[in-house]
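These are the residues of each chain, in order.
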Amino acid sequence: MKRVDLSLLPALHELLKTESVTRAADNLYLSQSAVSKMLTKLRSSFDDELLIKSGRGFVRSKKADLLL
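A quick note: this is a predicted structure, and the numbers were derived from the prediction, not measured. (Residues numbered from 1 in each chain as written. Predicted model: local features only at pLDDT ≥ 70, side-chain atom pairs only at ≥ 80, totals over all residues. Heavy atoms only, no water.)

Two elements in contact, helix α1 (residues 9-18) and helix α2 (residues 21-28), have axes whose closest approach is 8 Å; the angle formed by their N-to-C orientations is 130 degrees. Taken together, the axis directions place α1 and α2 in an arrangement best described as oblique. For α1 against α2, the interelement crossing comes out right-handed. Of the residues in α2, those in contact with Pro 10, Ala 11, Glu 14, Leu 15 and Thr 18 of α1 are Val 21, Arg 23, Ala 24, Asn 27 and Leu 28. Partitioned by chemical class, the residues of the contact of α1 with α2 number 6 nonpolar, 2 polar and 2 charged. (Axes fitted to C-alpha atoms, helices over the stretch in contact; angles between N-to-C directions. Helix = DSSP H or I, 4+ residues; strand = E, 2+ residues; numbered from the N terminus. Parallel < 35°, antiparallel > 145°, perpendicular 65-115°, else oblique. Left-handed = near helix turned anticlockwise from the far one by under 90°. Contact = heavy atoms within 4.5 Å. Nonpolar A, V, L, I, M, F, W, Y, C, P; charged D, E, K, R; others polar.)

Shown next, in the form of structure tokens:
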């Protein structure tokens, strides 16, 4: 695992809780684009997909489940 920018932790929490970039963005009062960029950084930091596209939404990866 690379260093995690601590300012991304609220986004990580919302993303894993909601399994949705749109809902996480709404809950954080940020744009969907901003949260999507945060997810990209988090994926790089954790060297894991964290949220995996599934049908119309996302599901948490095994590593993401361990983070909750």
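From this point, things continue past the structure.
This paragraph deals with the pattern of salt bridges. It is possible for side chains bearing opposite charge to pair when their charged atoms get close. Counted according to the given criterion, the structure contains 4 salt bridges. For Glu 19, the salt bridge identified is with Arg 60, shortest N-O distance 2.9 Å. One end of the pair, Glu 19, is in the loop between α1 and α2; the other, Arg 60, is in strand β2 (residues 57-60), with 41 residues separating them in the sequence. Exposure remark for Arg 60: the relative accessible area of 26% places this residue in the partly exposed category. Residues participating in the shared-partner salt-bridge network are Glu 19, Arg 60 and Asp 65. (Salt bridge = Lys/Arg side-chain N within 4 Å of Asp/Glu carboxyl O. Buried < 20%, exposed > 50% of the residue type's maximum accessible area, 1.4 Å probe, protein only.)

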